[in-house]
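Structural overview
Listed below, chain by chain, are the residues.
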Amino acid sequence: MDGFIREFLRELNFGQGVALSFSSINDQYLALARTVRHYLMARWLGTLRRQFETQAKGVAYLSAEYLLGRQLGNALLATGLTDIVEEGLAKCGIDLATLRAQEVEPGLGNGGLGRLAACFIDSLATMSVPCVGYGIRYEYGIFRQTFEDGRQVEQPDNWLALGSPWEFPHPEAAQIVNFAGHTETYEEDGTVRSRWIPGWSVQAIPYNYMVPGYQNGRVNTLRLWSAVATNAFDLRIFNSGDYAEAVRAQTFAENISKVLYPEDSTPQGKELRLQQQYFFVSASIHDFIDNVLPADFDLTHLPDRVIFQLNDTHPVIGVPELMRVLVDEKDFDWDDAWEITKKCFAYTCHTLLPEALEVWSVDLLGRLLPRHLEIIYRINDEFLDEVRERFGDDELRIRRMSIIAEHPERSVRMAYLATVAGSKVNGVAELHSQLLRDKVLPDFDEFYPGKFINVTNGVTPRRFIRLANPALSELITDALGVGWLTDLERLRELEPYAEDEEFKERFRAVKAHNKRRLSRVLVDRDGTSVDDDHLLDVMVKRLHEYKRQTLKLLHIVTLYDRITSGEVKPADIVPRTFIFGAKAAPGYRMAKEIIHLINAVGSVVNADPAVEGRLKVLFPPNYNVTLAEKVIPAADLSEQISLAGKEASGTGNMKFALNGALTIGTDDGANIEIRELVGDDNFFLFGLLEPEVEALYAKGYVPSSFYESDEGLHRAIDMIARGTFSGGDRGVFDGLVSNLLYDDRFMALADYRAYIDAQDEVDKAYLDEDRWTRSAILNVARTGFFSSDRSMRNYIDRIWHTPPSF
Ligand SMILES: *Cc1c(COP(=O)(O)O)cnc(C)c1O
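Residues numbered from 1 in each chain as written. Predicted model: local features only at pLDDT ≥ 70, side-chain atom pairs only at ≥ 80, totals over all residues. Heavy atoms only, no water.

**Focus: the environment of isoleucine 595**
Assignment of secondary structure puts isoleucine 595 in helix α22 (residues 589–607). Along the chain, isoleucine 595 and lysine 583 lie 12 residues apart, while their C-alpha atoms are 8.4 Å from each other. Contacts of isoleucine 595, omitting those with residues within four sequence positions, involve Gln145, Phe147, Gly150, Gln152, Leu543, Ala582, Lys583, Ala584 and Phe619. (Helix = DSSP H or I, 4+ residues; strand = E, 2+ residues; numbered from the N terminus. Contact = heavy atoms within 4.5 Å.)

Here it is in structure tokens:
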């Protein structure tokens, strides 16, 4: 510990340039972060050296998003230094928790997809599997959400403002990324070759982050790219003497990594977004070839050294990029290059929503990446020839399967390109993978037997159990001993404790402790609080109509109606605190109206004395990983209520179950697998099944008929329409109400009654404290399957074939 104190003070004095007595909390946080990273440094260098020596096959995980969460706690956990640091700091009169709270989380992702990438690289490091994560170092991550009069307002997320001690910039290892221009052909040794004459270029500067394994001496690398103007740019402008033009050019280049697009599941075909995608993928592929492989490496053997995993379609432009590198730059012939490329990529699909499947107009792609468009056309031509060979001139099939869509405008279907190029294509939960094969890409499934597989998502237990829930972790360790954190199926051994009175009592104490901890956080940040004796009912996730936050609202309004109409006395209802957490894409109007309505319902319900404090609606702004780590361990009830067939997997659902919340959920995504594991008695299932949803769409869904025939629903919707939550103003939620009554794409009204009935069952179950605790313990005991370590094992066995390397 004395060693630690010495190092910490050294960093404070010589790194930060302040004396302890004059140092700010930020000084102390930065000094601590640098001290802790020193402890990881030898392991990092060792990992890199061994990696280079063994040349073992590794994963290059390509993801436009990494929703990392705070780093300090995880680094302390990985090194096993938490206790020493806590004591050492205390000797200096410093509280570790205060310094941890100083860290601004890097919000370089929107939601589930970005968080999944972060969980996966954590698991790979912990399992000693070689992996480089590649992505973008957005200067502004996901916006910071505030509310004004209940409406969402977006503030820039200036996460770098107070210093970023976890990153290592390497400007000397910059890559040049080219754009635009034209292509030309030329002859060389009797063969016609193509080359790209780019119109402009930017530099990609790598920033390395440590990805420490859990107490295993391994540190993998996350490499995020930042865009700056090229030196050529600077020079030209310097010479021209046009300062304004110089600055404009610089700004133009640096725009590429300026900001994360805040759309989750609804990408917009914006040029800058394509620039971002190509920027990071091109830099990453070149980086791997130039810096990870030895100088004399024969690229014929590339598939023995790397698998590029495409996290959704965002990095799919990497497929024609690798082809271009092999054919145009490294003189491979086309067929050999294609054989290599097909083995080097695998693709994970994250959605079923048609609006989320990325397409790029041929016009835009041709302007920005003319050579890549030619390559895509050739890939498509050869692919469609193969299809013709198999199925004859089945023109309908050809049109369905073409990578190039003709309507509404000529465009490239990135999911098709990824499917043709990928050695495997995986969905992210059993149902999703099945629907992917049956509904989204059936022709491809028929054409490529065995290519489509499932790997159910997972979450890292290091962050989402050990760091987020120390009290539960201690209870588990007391029962099972150590080792469960890297072998999560061992949670099964908790099953007998579901009948153990003393354990149950301690389990309840853990929940109560976590509720008080959350309450303190909410008092500090928002001046709100959670009541000890309330059922804590939580719905935290991105705001999207398919996730159906409105259905949750209709439940709350119904309970409020039961009280205000005198149908029930407040004293006779189970007291509940509802917590919402959700950001809406800034341009998604309906999502923003829903946020406004949640806040409006909250202000009325929370202030109405008739409720007698038995219902409380909280909506802490700016849901992020940091808040998730506090909210999830406190929850009693997890709301996973998407319309069946729409949520690919969900990972929030897994975090809640692992922390001992019971799920109320539809038969959707990974909910299905959670329910199968925990058992029907420990899960509140409701709602239409996916085939029933399809049948209802086919028959013609009329939401207003549900409104007409269900009195509770009628009354709830009327309350909203009448202005109960808008000071009598009927216009405010007009758009939302008519959307529900006349469109309701995601069938909230069709599932309303089943949902209310299931919630009434929840109330009954909660009153039986003993039964509830038993179910909560069984949720923990039976969901070890959802460790991202297991997901990674599945990817390794079924897709990557990258064994651990020590
Ligand atoms: C886990 C997580 C998500 C994903 O939640 P879902 O309920 O699966 O959509 C989104 N945001 C954050 C901050 C998370 O930690």
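**Concerning the pattern of salt bridges**
A full pass over the atoms with the stated rule returns 55 salt bridges. With its nearest N and O atoms 2.8 Å apart, the salt bridge here joins glutamate 154 to lysine 592. A residue pair is termed long-range when its members are at least 10 positions apart, and glutamate 154 in strand β6 (residues 151–155) and lysine 592 in helix α22 qualify at 438 residues. Take lysine 592: its relative accessible area is 22%, and that puts it in the partly exposed class. Three or more residues are tied together by salt bridges with common partners; here these are Asp394, Arg397, Arg400, Asp443 and Glu446. (Salt bridge = Lys/Arg side-chain N within 4 Å of Asp/Glu carboxyl O. Buried < 20%, exposed > 50% of the residue type's maximum accessible area, 1.4 Å probe, protein only.)

**A short note on the nonpolar core**
If you look at the biggest cluster of nonpolar residues, it comprises 150 residues, and the most contacted ones within it are Leu32, Phe179, Phe279, Ile379 and Trp800. Broken down by element, the residue count for this core peaks at 10 residues, all from helix α9 (residues 271–292). Contact partners of isoleucine 379, with chain neighbours within four places excluded, come to Val319, Met323, Trp334, Trp338, Ile403, Leu417 and Val420. Membership of the second largest hydrophobic core comes to 104 residues, among which are Tyr588, Tyr707, Ala716 and Phe746. (Core = buried A, V, L, I, M, F, W, Y, C linked by side-chain atoms within 4.5 Å.)

**Considerations on the site of the ligand**
The environment of the ligand is made up of 13 residues, and the closest members are Lys541, Lys547, Thr651, Gly652 and Lys655. A distance of 2.7 Å separates an oxygen atom of the ligand from a polar atom in the side chain of lysine 541. Lysine 655 is positioned with one of its side-chain polar atoms (N or O) 2.6 Å from an oxygen atom of the ligand. Compared with its free state, where it exposes 390 Å², the ligand has 96% of that area covered by protein. Looking at the shell around the ligand residue by residue, the classes come out as 4 nonpolar, 6 polar and 3 charged. (Near = heavy atom within 4 Å. Polar contact = N/O pair within 3.5 Å; in protein donor to acceptor, adjacent residues only side chain to side chain. Areas by Shrake-Rupley, 256 points an atom, 1.4 Å probe, with all protein chains shown as cover. Nonpolar A, V, L, I, M, F, W, Y, C, P; charged D, E, K, R; others polar.)

**Side note on the domain arrangement of the chain**
Parsing the chain into structural domains produces domain 1 (55–70 + 105–456 + 793–800) and domain 2 (461–786). Using C-alpha coordinates to define each centre, domain 1 is positioned 35 Å away from domain 2. Contact residues are listed per partner, giving 44 residues for domain 1 and 45 residues for domain 2. For the pair domain 1 and domain 2, the summed buried surface comes to about 3400 Å²; carbon and sulfur atoms form 57% of the total. In this structure, the connection of domain 1 to domain 2 is made through 4 salt bridges. (Domains from an automatic or database assignment. Buried area = accessible area lost by both parts, 1.4 Å probe.)

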